[in-house]
Amino acid sequence: MAYKISDMCVACGTCIGECPTGAISEGDIYKIDPSVCIDCGTCADACPSGAIAPEE
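Residues numbered from 1 in each chain as written. Predicted model: local features only at pLDDT ≥ 70, side-chain atom pairs only at ≥ 80, totals over all residues. Heavy atoms only, no water.

Brief notes about the state of the cysteines
Disulfide: a covalent bond formed between the sulfur atoms of two cysteine residues. What the rule picks out here adds up to zero disulfides. You can see Cys15 has no disulfide; the closest cysteine sulfur is in Cys9, sitting 6.3 Å from it. Judged by relative accessible area, which is 7%, Cys15 ranks as buried. Of all cysteine sulfurs, the one in Cys40 lies closest to Cys19, which takes part in no disulfide; the gap is 6.3 Å. A residue is classified by how much of its surface remains accessible, and Cys19, at 18% relative accessible area, is buried. (Disulfide = S-S within 2.5 Å. Buried < 20%, exposed > 50% of the residue type's maximum accessible area, 1.4 Å probe, protein only.)

Below, the structure is given as structure tokens:
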């Protein structure tokens, strides 16, 4: 199950540097490519705004 970035994202860029597979892309709200995400949760742990959670 991939992680998803919610609209609480402030586009700070912290998660991009933490993702080991490069699954996160920049934008007004960052996005995670579910086909690349390995469900490690590193991005969620690093997110200062709590905007990243497992996709349901």
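Comments concerning the environment of Tyr30
Locating Tyr30 in the fold gives a position in the loop between strand E2 (24-25) and strand E3 (31-32). Using a relative accessible area of 7% as the deciding quantity, one classes Tyr30 as buried. Between the C-alpha atoms of Tyr30 and Ala53, which are 23 residues apart in sequence, the distance is 13 Å. For Tyr30, the residues in contact, after removing those within four places along its chain, are Ile5, Cys9, Ala11, Cys12, Gly13, Cys15, Ile16, Ile24 and Ser25. (Helix = DSSP H or I, 4+ residues; strand = E, 2+ residues; numbered from the N terminus. Contact = heavy atoms within 4.5 Å.)

What to know about unusual backbone geometry
Across residues other than glycine, the phi torsion is negative in most instances, and most of the peptide bonds are trans. Look at Ala11: it is not a glycine, yet its phi comes out positive at around 55°. Along the chain, Ala11 falls in the loop between strand E1 (3-5) and helix H1 (14-18). Positive phi values are uncommon outside glycine, yet Asp39 reaches one of about 60°. Inspection of the secondary structure puts Asp39 in the loop between E3 and helix H2 (42-46).

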